[in-house]
Amino acid sequence: MASIRRHPNALTHWQVRYRDTSGRQRTKNFSKRSDAEKFAATTEADKVRGDWSDPRLAKTTFGEWCTRWEAARLGRRASTRARDMSVLQNHILPVFAERQLGGIQPADLRQFVSDLTSAGYAAASVRKAYQLLAGALDSAVDDGLIPRSPARNIALPKIEHVEVRFLSADQISVVANAIDPQFRALVLTAGYTGLRAGELSALKLDRLQLLRRSLTVAETLSDVQGRLTFGPPKSNASRRTVSLPAALCDELGRHLRQFPTDSLVFQAPDGGPLRWTNFRRRHWQPAVAAALGFPVRFHDLRHSHAALLIAAGEHPKVIQQRLGHASIRTTLDTYGHLFDGLDEAAADRLDEVFRASHVDRLWTESIPQVVSLPHTP
């Protein structure tokens, strides 16, 4: 238990003596006995709750802690690491690098969010910056540097709905016909498998099984600051096998005969992996402008694939698996509005079943009973 006594060398001060959670004796001085009593009571209560932390550790600057925290974060793709480092260097560290961890308060985080929003950053960018900052502070709590994270009850800007374009099967074909012949199969594969751009550009020849009408997503290709890097898929659910329509297999067969390869199925015009920045500017955008006359992102082919499946009456679980979503909730949150109207179609089909069964019942009831005739010897 903490004890209070007059300071031996300054009789006008009071000294609290207590033992920390490791058993080490510590002291803290106060000019008022009431402050000493309050500190002693709070310290003992924090120890009981498991909230006590070494006050000296709280003096660690956020910049010093962030360097250690970022280096210890494993299991991220190269593109994710580069994105996080950019957010830290451009938004978080300029504000908090010199601040002591123990001195950062919820009001500071609210001001941080407000400043980014006022500067015109998108809600998604503000949220990402806050999530990184909160993650570093939460980890500081886990490591015992501070007793409690200030990242709590912070209001964040709402993410506005981003317009998604859904292409019909005819529109997908129009774009595929308008783009350079080398990328025709790429467009059709995106529209009829729903693979992400990085998954398509990392697709190797041995992962494509045309006789089995399937392909396997085992890698993804990312462009990080001009450096192409192969890595694992976005999540465990993204590592999947996708069945292919027979017509798409025919297209892929023609593509491989016309543009033979011993490694990647889809390559840059001069060989090697696709750089998506160049592809979008030089091939995708001109083809879309000529074919449709309005802007469409390449990623919208993935959304269009989901829309085609929904229109065909496929179960959401099938759509989730084909798209590689980790949760069916992601599928329903993203495409749930496209299921509107399918309920009415289901009711119409049930109506047909009901009426058919009703007719069968009436027909059965209308058949007269069979009368047995006497047996004649």
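Residues numbered from 1 in each chain as written. Predicted model: local features only at pLDDT ≥ 70, side-chain atom pairs only at ≥ 80, totals over all residues. Heavy atoms only, no water.

An account of the environment of Pro-286 is requested, with residue identities and associated values reported.
Note on placement: Pro-286 falls in helix α10 (residues 276-291). For Pro-286, a relative accessible area of 40% gives the class partly exposed. Taking the C-alpha atoms as reference points, Pro-286 and Ala-178, separated by 108 residues in sequence, lie 8.7 Å from one another. Other than its neighbours up to four places away in sequence, Pro-286 contacts Arg-280 and Arg-281. (Helix = DSSP H or I, 4+ residues; strand = E, 2+ residues; numbered from the N terminus. Buried < 20%, exposed > 50% of the residue type's maximum accessible area, 1.4 Å probe, protein only. Contact = heavy atoms within 4.5 Å.)

Requested: an account of the sheet that holds strand β1 (residues 3-6), with residues and values cited.
Spatial ordering of the open sheet is given by β1-β2-β3, a layout of three strands whose pairing is antiparallel. In this open sheet, the two strands that pair with only one neighbour each are β1 and β3 (25-30). Looking at each pair of strands side by side, their axes are set apart by 25 degrees on average, direction ignored. In this structure, β1 lies alongside strand β2 (residues 14-19), joined through four bridges in antiparallel fashion. Residue pairing for β2: Ser-3 is matched across the bridge by Arg-17. (Pairing = 2+ DSSP bridges. Axes fitted to C-alpha atoms, helices over the stretch in contact; angles between N-to-C directions.)

Describe helix α2 (residues 62-71), and please don't skip the residues or the numbers.
For α2, the complete set of buried residues consists of Phe-62, Gly-63, Trp-65, Cys-66, Trp-69 and Glu-70. Along the axis of α2, the buried positions cluster into a sector of 155 degrees, meaning they face one direction only. In α2, those exposed residues whose orientation departs by more than 90 degrees from the buried face are Thr-67 and Ala-71. Against α3 (78-96) and α5 (123-142) lie the buried residues of α2. (Arc of directions from axis to C-beta.)

Please give an account of the side chain of His-303 that cites residues and values.
If you trace the backbone, His-303 turns up in helix α11 (residues 300-311). Classification of His-303 by relative accessible area gives buried; the value is 8%. Polar contacts involving the side chain of His-303 include one to the side chain of Tyr-335, which spans 2.7 Å. (Polar contact = N/O pair within 3.5 Å; in protein donor to acceptor, adjacent residues only side chain to side chain.)

With reference to specific residues and values, describe the pattern of salt bridges.
Inspection of every chain in the model, using the stated rule, returns 15 salt bridges. Across the salt bridge formed by Arg-76 and Glu-70, the nearest N and O atoms sit 2.9 Å from each other. Relative accessible area serves as the criterion here: at 9%, Glu-70 is assigned to the buried category. The shortest N-O distance in the salt bridge between Asp-84 and Arg-83 comes to 3.3 Å. (Salt bridge = Lys/Arg side-chain N within 4 Å of Asp/Glu carboxyl O.)

Now, about the sheet that holds strand β4 (residues 208-209): what can you tell me, with residues and values included?
Spatially, β4-β5-β8 is the arrangement adopted by the three strands of the open sheet, whose pairing is antiparallel. At either margin of the open sheet sits one strand with a lone partner, and together these are β4 and β8 (240-243).

Lay out the pairing of strand β6 (residues 220-224) in plain terms, naming residues and giving numbers.
Here β6 lies mainly inside the structure; four of its five residues are buried. In this sheet, strand β7 (residues 227-231) lies alongside β6 in antiparallel orientation, the contact comprising five bridges. Within the sheet, the bridge partner assigned to Ser-222 lies in β7 and is Thr-229.

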